[in-house]
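Architecture at a glance
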Amino acid sequence: MKAYTGLIAFYCVKIVLLMYIGFQLQPIHWPGHLLMILTIIGPVMLLFSVPLFTPDRYRKWVSPALLFLTTFWMYAHLLYYRFYEDFMTLTILLQIGNVGGLSRSTWELFSPWDLLLFLDIFVVGWVLFKKETFQLPPKKWYLGVASLLTITMLAAGLLYKPYVLKENYNRTQFVQTMSLFTYQLFDVGHSIRSPLFKWMSDPRDAEPMQAHVKEQEKEMTEWFGEAEGMNVVFIGLESVQNFVLDLEVDGQEVTPFLNKIKNESFYFSNLYEQTAQGKSSDAEFMIDTGLYPLDGGSVFVRRPDNAFHGLPEILGNYQSAVFHGNERSFWNRTEMYDTLGYDRFFSERDYKVTEENSINYGLEDHHFFEQSIPTLKELDTPYLAKFITLTNHFPFLLHEEDQTFETDVTSEPVVNRYLSTVHYLDQSVETFIEKLQEQEMYENTMFILYGDHYGVSTEYEDGLFELLDQPETTFSHIKNQRVPVLIHIPGLQGEVFDEIAGQIDIRATVLHLLGKRSANYMSFSENLLTREHDAFVTFRNGNYISESTMYVKGQCLDTEKGTPLSNQACEKGRSKARSELQLSDQVIKGDWLRYKE
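I will try to describe carefully the structure that is included in this document. Please read all numbers here as calculations on a predicted model, not as lab measurements.

Our focus in this paragraph is empty space enclosed by the protein. Taken as a whole and assessed by the stated rule, the structure comprises 6 cavities of 30 Å³ or more. Empty space within the largest cavity amounts to approximately 150 Å³. As for the largest cavity, its lining consists of 17 residues, of which Glu-238, Ser-280, Phe-330, Trp-331 and His-393 are closest to the centre. Roughly 100 Å³ of volume is contained in the second largest cavity. Forming the walls of the second largest cavity are Thr-89, Thr-91, Asn-168, Arg-171, Tyr-183, Phe-186, Asp-187, His-190, Ser-191, Asp-295, Gly-296 and Arg-302. With 5 residues, helix H10 (residues 180-193) is the single largest residue contributor to the lining of the second largest cavity. Looking at side-chain class alone, the lining of the second largest cavity contains 2 nonpolar, 6 polar and 4 charged residues.

Here's what the structure looks like:
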């Protein structure tokens, strides 16, 4: 029995070390540390009750098998967390078939130190098989203690974080407060319950959302209808963060073209990415619908049969098309684009893709734009065209002949490669715009260039802090989550907007410039051209940032200086973020837009 108790204690210590060293979780206050340690014990004891109900001849196999399976399960979470800064959900696991192609970047996330996670399995297995007898504790006593510990610590977690269940989308907070094991069970139950929302909803449920829309500002500006009747071209700048604009490395600009065109555009310099587990597809979804991403998984995969008011539907007389040099099935785009109302989807199969002109996830950006122009020229005008770039995707690879910006300015190779691929993307966009000018496809077109999500994850952020000479703080981290958004209308004078904003607001801004009143459609998008006061950005994990305060990673901070504030100073903002996210989830899960004509 002592050996079995020692096994459980050893495994609990292993998990605690993984939480602190692997996931780098750092609760703010000492009760948080205590909870993160103690909430592990009960679930682990329950997990290791399995051998108590196993026949004697299989018992020696069960414990090592449990060790291996749970270690592999935690390691999968760790790899996912290293890039996505989030814990996996059941919906992510179920949609792997729709988001395939990640294997090439997964290898970058491995570390030789990871082997230590599995070393103990062989040691414990050898010890257990060497012992001739394998004494177990009494079943009733053991289960009673395990259940009591689990219930007690979960109750303590709820007392410490009363909103932890309501804010289940904040998975890091949930794991710190309730343990990774409890989170996974809760997530499975939440995922199973989710489809019921649609079956149980009725037209009256949509009233809160309609009321929310009526409260939004409907102020007009001098730019209302400035781009009416013009073609609309979206260019998704894969993984581009705002810090690269105007950045010089070794005397060379990283993004010379973006630096130039932003002076001739509406440039939103303080705009934050708001994607979740759907990453690029989440950015597309927000821009098309003005709704937040789901609390788990991607809307593109989970809700392609819903009714949505996408931009193609609103711009009814526009021919709409999406251009992307990757597989059609990635993020279930084929089905979702049809739902959103796009007329055409040009994917990898519509391009000439060879080993020489492709790398990483597909067609290189320069060749992608070059091959797209003839097809774009054939579209009926006015058109709505969306271009999704690929090359600047983790792990940021380039062919040697495309390397025009090599640097070792930081000690982190991933950051150095990122600067090179961003520079390549910048050149590709410049060439694309120049060729549109040559073929007289430029003047009557409004261009929206937007960064879709971060490129440098927390795992490699040390190199980013080194590059930007920043302190390694939560405040620096959140500031680096800004992405560039430029709206370029040829001939229109540029202007910089420094107000706090989010990606979800791109939709309302574009509709305003096209002369469309976005208040007629259910969305959370607000016009960036009128956003001067009470600016507020909600993140999918329940964090937020406003003009005065921000709540990030369990900390309440002053927005301007980054100094700590009391959690009470952020309570109003957290409540607002919570309400918006819950309402958006209800709209999507209940498919409320089917009731809106």
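Our focus in this paragraph is the sheet that holds strand S16 (residues 544-546). Pairing in this open sheet of 4 strands is antiparallel, and the strands run S15-S16-S17-S18 from one edge to the other. Unpaired on one side and paired on the other, strand S15 (536-538) and strand S18 (555-558) mark the two borders of the sheet. Neighbour-to-neighbour, the strand axes of this sheet turn through a mean angle of 15°, independent of strand direction. Two elements, S16 and strand S17 (residues 549-552), share 2 bridges in a ladder whose sense is antiparallel. From the neighbouring strand, Ile-545 faces S17, where its bridge partner is Met-550.

Let us now look at the packing of helix H9 (residues 171-178) against H10. For the pair H9 and H10, interaxial distance at closest approach is 7 Å and the crossing angle is 125°. Judged by the inter-axis angle, H9 sits oblique to H10. Touching Arg-171, Phe-174, Val-175 and Met-178 of H9 are Leu-180, Thr-182, Tyr-183 and Phe-186, all from H10. Looking at the contact of H9 with H10, its residues break down into 6 nonpolar, 1 polar and 1 charged.

Our focus in this paragraph is the sheet that holds strand S12 (residues 485-488). If you walk across this open sheet you meet the 8 strands as S7-S6-S10-S1-S11-S12-S4-S13, and the pairing is mixed. On the outer flanks of this sheet lie strand S7 (344-346) and strand S13 (495-497), each paired with one strand and no other. When the angles between neighbouring strand axes are averaged without regard to direction, this sheet yields 15°. As paired elements, strand S4 (residues 266-268) and S13 share 3 bridges and run parallel to each other. Considered in S13, the bridge of Phe-266 is made with Glu-495. Sheet strands touched by helix H19 (residues 413-438): strand S1 (231-237), strand S10 (383-388) and strand S11 (445-451). Its angle to S1, the strand with the most contacts, is close to 165°.

Glancing now at the packing of aromatic side chains. Per the stated rule, a full pass over the model turns up 37 aromatic pairs. Arranged with centres 5.1 Å apart and planes meeting at 45°, the rings of Trp-73 and Phe-181 form a pair that is tilted. Of this pair, Trp-73 sits in helix H4 (residues 56-84) while Phe-181 sits in helix H10, and the two are 108 residues apart along the sequence. The class of Trp-73 is partly exposed, set by a relative accessible area of 21%. Ring pairs connect the aromatic residues Phe-323, Phe-346, Tyr-351, Phe-368, Phe-369, Phe-387 and Phe-432, which therefore count as one cluster. Positioned above the aromatic ring of Tyr-551, the side-chain terminus of Arg-574 is 4.2 Å from the ring centre. Positioned above the aromatic ring of Phe-536 is the side chain of Lys-576, whose terminal nitrogen or guanidinium carbon lies 4.4 Å from the ring centre.

On to the pattern of salt bridges. Tallying each qualifying case throughout the model produces 15 salt bridges. Its salt-bridge partner being Asp-295, residue Arg-302 comes within 3.9 Å of it at the nearest N-O pair. When salt bridges that share partners are traced, they join Glu-284, Asp-288, Arg-333 and Lys-386 into one network.

With 10 of 10 residues buried, helix H14 (residues 280-289) lies mostly within the body of the structure. Within the span of H14, buried status applies to Ser-280, Ser-281, Asp-282, Ala-283, Glu-284, Phe-285, Met-286, Ile-287, Asp-288 and Thr-289. A positive backbone phi angle near 75° is found at Gly-290, which sits one or two residues after H14.

Working definition of a disulfide: a covalent bond connecting the sulfur atoms of two cysteines. Applying the stated rule across the entire model yields 1 disulfide. A sulfur-sulfur distance of 2.0 Å marks the disulfide that ties Cys-556 to Cys-570. Measuring the twist about the S-S bond at about 85°, one finds the Cys-556-Cys-570 disulfide to be right-handed. Of this pair, Cys-556 sits in strand S18 while Cys-570 is found in the loop between S18 and helix H23 (571-589), placing the two residues 14 residues apart along the sequence. Cys-556 sits in the buried class, given a relative accessible area of 2%. Judged by its relative accessible area of 0%, Cys-570 falls in the buried class.

Here the focus is unusual backbone geometry. Pro-382 follows Thr-381 through a cis peptide bond whose omega is -5°. With respect to the helices and strands, the residue Pro-382 is situated in the loop between helix H18 (365-378) and S10. Each neighbour pair has its own omega, and for Phe-394 with Pro-395 the value is 10°, a cis peptide bond. Topologically, Pro-395 is positioned in the loop between S10 and H19. The backbone of Asp-250 sits at a positive phi, close to 55°, despite the residue not being glycine. Despite not being glycine, Asn-332 shows a phi value in the positive range, around 55°. Mapped onto the fold, Asn-332 is located in the loop between strand S6 (319-324) and helix H17 (333-340).

The rules behind each value
Residues numbered from 1 in each chain as written. Predicted model: local features only at pLDDT ≥ 70, side-chain atom pairs only at ≥ 80, totals over all residues. Heavy atoms only, no water. 1 Å grid on protein atoms, 1.4 Å probe; cavity = no way out; pocket = protein on both sides within 12 Å on 5 of 7 lines; lining within 4 Å. Points joined across faces, edges and corners; volume = space filled by probe spheres on them. Helix = DSSP H or I, 4+ residues; strand = E, 2+ residues; numbered from the N terminus. Nonpolar A, V, L, I, M, F, W, Y, C, P; charged D, E, K, R; others polar. Pairing = 2+ DSSP bridges. Axes fitted to C-alpha atoms, helices over the stretch in contact; angles between N-to-C directions. Parallel < 35°, antiparallel > 145°, perpendicular 65-115°, else oblique. Contact = heavy atoms within 4.5 Å. Phe/Tyr/Trp six-rings, centres within 6.5 Å; stacked < 30°, edge-to-face > 60°. Buried < 20%, exposed > 50% of the residue type's maximum accessible area, 1.4 Å probe, protein only. Lys NZ or Arg CZ within 6 Å of the ring centre and 35° of its normal. Salt bridge = Lys/Arg side-chain N within 4 Å of Asp/Glu carboxyl O. Disulfide = S-S within 2.5 Å.

Honestly, that's just the spatial picture; any functional story needs more than this.
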